[in-house]
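Structural characterization, general
What follows is the residue order along each chain.
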Amino acid sequence: MPTSNLVRVFTEEELETRRSTVVAELERRFGSLERALEREQDWNYDEEESMLFSEYHAVTFLLFK
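Computed from a predicted structure; not experimentally measured. (Residues numbered from 1 in each chain as written. Predicted model: local features only at pLDDT ≥ 70, side-chain atom pairs only at ≥ 80, totals over all residues. Heavy atoms only, no water.)

A look at the packing of helix H1 (residues 12–30) against helix H3 (residues 47–63)
In the contact formed by H1 and H3, the axes pass within 9 Å of each other and the chain directions differ by 145 degrees. H3 is crossed by H1, and the crossing has left-handed handedness. Counting all contacts with H1, which are made through Glu-12, Leu-15, Glu-16, Arg-18, Arg-19, Val-22, Val-23, Glu-25, Leu-26, Arg-29 and Phe-30, the residues of H3 involved are Glu-48, Glu-49, Leu-52, Phe-53, Glu-55, Tyr-56, Val-59, Thr-60, Leu-62 and Leu-63. In the contact of H1 with H3, the residues fall into 11 nonpolar, one polar and nine charged. (Axes fitted to C-alpha atoms, helices over the stretch in contact; angles between N-to-C directions. Helix = DSSP H or I, 4+ residues; strand = E, 2+ residues; numbered from the N terminus. Left-handed = near helix turned anticlockwise from the far one by under 90°. Contact = heavy atoms within 4.5 Å. Nonpolar A, V, L, I, M, F, W, Y, C, P; charged D, E, K, R; others polar.)

In structure tokens:
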């Protein structure tokens, strides 16, 4: 069965856990979440950091919508 048409539903707890994981990694890389978000505005980051920023914003959006 192809998986391209499947929709994954996440619980709030799963989203909170993922957000915590992403925030911890951003803090490890940049020293704090605030510094990470400042760095994001500079557009000076690698592909892996770009994926972290994207996931941070996506999870935050889903949690606070």
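As for the nonpolar core
If you look at the biggest cluster of nonpolar residues, it comprises nine residues: Val-22, Val-23, Leu-26, Phe-30, Leu-33, Ala-36, Leu-52, Phe-53 and Tyr-56. Elements with a contribution of two residues or more to this core: H1, helix H2 (33–41) and H3. For this core, the element with the most residues is H1, which contributes four residues. Apart from residues no more than four positions distant in its own chain, Tyr-56 is found in contact with Arg-19, Val-22, Val-23, Leu-26, Leu-33 and Leu-37. (Core = buried A, V, L, I, M, F, W, Y, C linked by side-chain atoms within 4.5 Å. Buried < 20%, exposed > 50% of the residue type's maximum accessible area, 1.4 Å probe, protein only.)

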